Amino acid sequence: GTPAQGKTYQFKLVLLGESAVGKSSLVMRFVKDHFDEYRESTIGAAFLAQTISLDDNTTVKFEIWDTAGQERYKSLAPMYYRNANCAVVVYDITQAASLEKAKAWVNELQRQADPNIVIALAGNKCDLDSRRAVETETAQEYADEAGLLFFETSAKSAHNVTQLFTSIAKKMPLDQ
Ligand code: GDP
């Protein structure tokens with residue numbers, strides 16, 4: 001239930017990463033607990049909200065901006081991450097090049113976004129382990145160096161999706 005004296009903290013969260021790594025699918029899994037194998041790519045910015053209860057008195061509400069199609073219009077990206085409090089940068093564990101693209105997004109965020117932005121790296125499609133092209137340790141080492149949260153996720157199986165967003169919520173600055 002909703003605690004009478006509870007407090008809700010709202011944050012803007014953006015998803016970035018190469019096309020088809022599963023950004024929209026991760027949002028759908030997190031917000032609607034649903035996965036659609038044949039979903040068509042969204043065009044334009046999709047906006048969804050989801051809350052996470054951290055404890056009886058603390059709720060974090062994410063305003064989620066899925067930057068659908070933005071990877072094709074790179075000049076528009078700053079519009080999406082301007083004022084973002086947190087970002088999920090996604091790659092596909094079966095596509096090594098998508099990790100390089102994710103690293104480029106992280107660099108851009110660390111140079112141009114809010115200096116306090118909380119960034120998580122998500123290695124998505126971990127259900128496709130037999131086609132893995134990026135070792136967990138490789139990505140974990142990079143994430144540690146760059147100061148990122150890191151999870152391997154599957155929007156399809158739901159593996160680590162709640163954990164990803166909850167760990168971001170826990171890292172957000174909540175006033176004392
Ligand atoms: P986006 O362009 O980054 O938003 O990627 P989408 O969410 O549109 O996903 C691209 C394709 O990958 C779609 O066919 C999805 O069904 C598929 N997909 C997304 N997440 C996963 C996952 O975790 N596992 C598998 N096997 N497929 C996924």
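Going by the annotation in an unreviewed UniProt entry, the name recorded for the chain is GTP-binding protein ypt5, with Mortierella isabellina given as the source organism.

Draft legend 1. Expanded view of helix 1 (residues 23–32). A large share of helix 1 lies buried, amounting to 8 of its 10 residues. For helix 1, the set of buried residues is Lys23, Ser24, Ser25, Leu26, Val27, Arg29, Phe30 and Val31. Just beyond helix 1, the residue with positive phi is Asp33, at close to 50 degrees.

Draft legend 2. Region of the structure containing unusual backbone geometry. The backbone of Ala20 shows a phi angle near 75 degrees, a positive value even though the residue is not glycine. Assignment of secondary structure puts Ala20 in the loop between strand 1 (7–17) and helix 1.

Draft legend 3. Structural detail: the pairing of strand 6 (residues 149–152). Of the two faces of strand 6, the one holding Leu149 and Phe151 and the one holding Phe150 and Glu152 are both buried throughout. Relative to strand 6, strand 5 (residues 118–124) runs parallel, the two sharing 4 bridges. Within strand 6, the position partnered with Ala120 by the bridge is Leu149. In this view, the connection linking strand 5 to its parallel neighbour strand 6 by way of helix 4 (residues 136–146) has right-handed handedness.

Draft legend 4. A look at the side chain of Thr58. Residue placement: Thr58 occurs in strand 3 (residues 58–66). Exposure remark for Thr58: the relative accessible area of 12% places this residue in the buried category. Beyond its immediate stretch of four places on either side in the chain, Thr58 contacts Lys7, Tyr9, Ile52, Ser53 and Leu174.

Draft legend 5. Geometry of the nonpolar core. Counting 28 residues, the largest nonpolar core has Leu13, Phe62, Val88, Phe165 and Ile168 as the members making the most contacts within it. Ranked by the residues each element gives to this core, the list is headed by helix 5 (residues 161–171), at 5 residues. Ignoring sequence-local partners within four residues, the contact set of Phe165 consists of Leu13, Leu26, Phe30, Ile52, Phe62 and Val88.

Draft legend 6. Structural view of the confidence of the model for the chain. On average, the chain scores 90 in pLDDT, and the residues at 70 or more come to 88%. Taken together, the chains of this predicted complex give a pTM of 0.93 and an interface ipTM of 0.99.

Draft legend 7. Structural context of a negative patch on the surface. A cluster of acidic residues, Glu135, Glu137, Glu141, Asp144 and Glu145, forms a negative patch on the protein surface. With respect to the helices and strands, the residue Glu145 is situated in helix 4.

Draft legend 8. Structural view of helix 3 (residues 96–112). Helix length check: helix 3 (17 residues) gives 25 Å between terminal C-alpha atoms against 24 Å at 1.5 Å per residue, within 8%. If you check which residues of helix 3 are buried, you get Ser98, Leu99, Ala102, Trp105, Val106, Glu108 and Leu109.

Draft legend 9. Expanded view of the side chain of Arg29. For Arg29, the location among the structural elements is in helix 1. Those residues in contact with Arg29, other than ones at most four positions away along the chain, are His34, Phe35, Ala155, Lys156, Ala158 and Val161.

Draft legend 10. Examining the pattern of salt bridges more closely. Counted by the stated rule, this structure contains 6 salt bridges. As a salt-bridge pair, Arg29 and Asp33 come within 2.8 Å of each other at their nearest N and O atoms. A salt bridge links Arg132 to Glu152, with the nearest nitrogen and oxygen atoms 2.9 Å apart. Highlighted residues: Arg132 in the loop between strand 5 and helix 4 and Glu152 in strand 6, separated in sequence by 20 residues. Exposure remark for Glu152: the relative accessible area of 12% places this residue in the buried category. If you follow the salt bridges from partner to partner, you end up with Asp129, Arg132 and Glu152 in one network.

The rules behind these values
- Residues numbered from 1 in each chain as written.
- Predicted model: local features only at pLDDT ≥ 70, side-chain atom pairs only at ≥ 80, totals over all residues.
- Heavy atoms only, no water.
- Buried < 20%, exposed > 50% of the residue type's maximum accessible area, 1.4 Å probe, protein only.
- Helix = DSSP H or I, 4+ residues; strand = E, 2+ residues; numbered from the N terminus.
- Pairing = 2+ DSSP bridges.
- Right-handed = clockwise from strand over helix to strand, strands pointing away.
- Contact = heavy atoms within 4.5 Å.
- Core = buried A, V, L, I, M, F, W, Y, C linked by side-chain atoms within 4.5 Å.
- pLDDT = per-residue confidence, 0-100.
- Patch = residues over 30% accessible without salt bridge, like charges linked within 9 Å, V, L, I, M, F, W, Y side chains within 5 Å.
- Areas by Shrake-Rupley, 256 points an atom, 1.4 Å probe, with all protein chains shown as cover.
- Salt bridge = Lys/Arg side-chain N within 4 Å of Asp/Glu carboxyl O.
- Lys, Arg positive; Asp, Glu negative; His and termini not counted.
- Charge placed at Lys NZ, Arg CZ, Asp CG, Glu CD.
- Expected span 1.5 Å × (residues − 1).

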